[in-house]
Amino acid sequence: MKPNHYTEIPPSFELNLEALPDYDVHKHISARGITLLWPIEIEVATILKVSAKQISMTGAVEFIVKVLKVKKVENENLFEIHANFYDTNGTKEDEVLDLIKSF
């Protein structure tokens, strides 16, 4: 069973992940977050800038997350990434989660 505080980003989203190695590590981390499948293993504690876009969207939604768990998907060349929202507020989190859930 998946934790209920993570929202899975569907494969229909185009994602761009950018590691932010010099980002301030003393920011607020949310109890809510996202999961996504990615072909490259990402180190736990990495701070990522995520840009998520749907074909039907003009522009993309961007947000910052901190990777808390990485798990290899059996029999596939993919990793399941669990990341919590980082250095954001509840309004921005709701915006991102509502967008993801709408597709």
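Our subject in this report is the structure included herewith. (Residues numbered from 1 in each chain as written. Predicted model: local features only at pLDDT ≥ 70, side-chain atom pairs only at ≥ 80, totals over all residues. Heavy atoms only, no water.)

### Quick look at the packing of aromatic side chains
Turning to step 1, where the next piece is worked out: Tallied over the entire structure, the rule returns two aromatic pairs.
Turning to step 2, where the next piece is worked out: Summarising the aromatic geometry, the rings of Tyr23 and Tyr86 are spaced 6.2 Å apart at their centres and angled 55° between planes, so their arrangement reads as tilted. On the criterion of sequence distance, the pair formed by Tyr23 in the loop between strand E2 (14–19) and strand E3 (29–38) and Tyr86 in strand E6 (residues 79–86) is long-range, its members being 63 residues apart.
Turning to step 3, where the next piece is worked out: Accessibility expressed as a relative area gives 24% for Tyr23, which makes it partly exposed.
Turning to step 4, where the next piece is worked out: According to the relative accessible area criterion, Tyr86 is buried, its value standing at 1%.
Turning to step 5, where the next piece is worked out: A cation sits over an aromatic face here: Lys72 above Phe79, 5.7 Å from the ring centre. (Phe/Tyr/Trp six-rings, centres within 6.5 Å; stacked < 30°, edge-to-face > 60°. Helix = DSSP H or I, 4+ residues; strand = E, 2+ residues; numbered from the N terminus. Buried < 20%, exposed > 50% of the residue type's maximum accessible area, 1.4 Å probe, protein only. Lys NZ or Arg CZ within 6 Å of the ring centre and 35° of its normal.)

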